[in-house]
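Descriptive analysis of the structure
If you want the building blocks of each chain, they are given just below.
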Amino acid sequence: MTSKVDEALGYEQARDELIEVVRRLEAGGTTLEESLALWERGEELAKVCRRWLEGARARLDAALAEESPEQEKDAGSGSE
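Note that the coordinates shown come from a computational prediction; the quantities given were computed from them, not determined experimentally. (Residues numbered from 1 in each chain as written. Predicted model: local features only at pLDDT ≥ 70, side-chain atom pairs only at ≥ 80, totals over all residues. Heavy atoms only, no water.)

Right, let's talk about the overall build of the protein chain for a bit. Scanning the protein chain from terminus to terminus reveals three helices and zero strands. Start at the N end of the protein chain and walk to the C end: the helices and strands fall as α-α-α. Classification of the 80 residues of the protein chain by burial places 16% in the buried group. Summed over all atoms, the accessible surface of the protein chain reaches about 6500 Å², with 55% contributed by carbon and sulfur. (Helix = DSSP H or I, 4+ residues; strand = E, 2+ residues; numbered from the N terminus. Buried < 20%, exposed > 50% of the residue type's maximum accessible area, 1.4 Å probe, protein only. Areas by Shrake-Rupley, 256 points an atom, 1.4 Å probe, with all protein chains shown as cover.)

Here's what the structure looks like:
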């Protein structure tokens, strides 16, 4: 479950922190407990990023849906 702090993170902040978490995990040298904590944090950050991207996709889809009826109307009024 994500915290209120995670929900307040912007996409770029969450992405940058996730990159750092992955870098630390790939570098190794951490204890099992530290690795598990990093992995859990990475999962939380990935969820934050996914929510941001899904929200952006929904906004784009809505904007495109608003344009489509106008484009169809314009296409139908062309000269024949």
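Further remarks concern the nonpolar core. In this structure, Leu9, Ala14, Leu18, Val21, Leu38, Leu45, Ala46, Val48 and Cys49 together form the largest nonpolar core, which totals nine residues. Setting aside residues up to four positions removed in sequence, Cys49 forms contacts with Tyr11, Ala14 and Arg15. (Core = buried A, V, L, I, M, F, W, Y, C linked by side-chain atoms within 4.5 Å. Contact = heavy atoms within 4.5 Å.)

Across the protein chain, the average pLDDT comes to 88, with 76% of residues at or above 70. Of all secondary-structure elements in the protein chain, the lowest mean pLDDT belongs to helix α1 (residues 4–8), at 72, while helix α2 (residues 11–27) reaches the highest, 98. (pLDDT = per-residue confidence, 0-100.)

Spanning 17 residues, α2 covers 24 Å between terminal C-alpha atoms, matching the ideal 24 Å at 1.5 Å per step. Every buried residue of α2 is accounted for by Ala14, Leu18 and Val21. Down the axis, α2 shows its buried residues gathered within 60 degrees of arc, on one side only. Every exposed residue of α2 that faces more than 90 degrees away from the buried side is listed here: Ile19, Glu26 and Ala27. After α2 finishes, the residue Gly28 shows a positive phi value of roughly 75 degrees. (Expected span 1.5 Å × (residues − 1). Arc of directions from axis to C-beta.)

This part takes up the pattern of salt bridges. Evaluation of the coordinates by the stated rule reveals four salt bridges. A salt bridge links Arg41 to Glu17, with the shortest nitrogen-to-oxygen separation between them at 2.8 Å. Remark: Glu17 occurs in helix α2 and Arg41 occurs in helix α3 (residues 32–76); sequence separation between them is 24 residues. With relative accessibility at 22%, the residue Arg41 sits in the partly exposed group. Each of the salt bridges in this network shares a partner with another, and the network as a whole consists of Glu17, Arg41 and Glu44. (Salt bridge = Lys/Arg side-chain N within 4 Å of Asp/Glu carboxyl O.)

Another aspect to go through is the environment of Leu18. Within the element layout of this structure, Leu18 appears in helix α2. The spacing of Leu18 and Leu38 is 20 residues in sequence and 9.4 Å in space, taken between C-alpha atoms.

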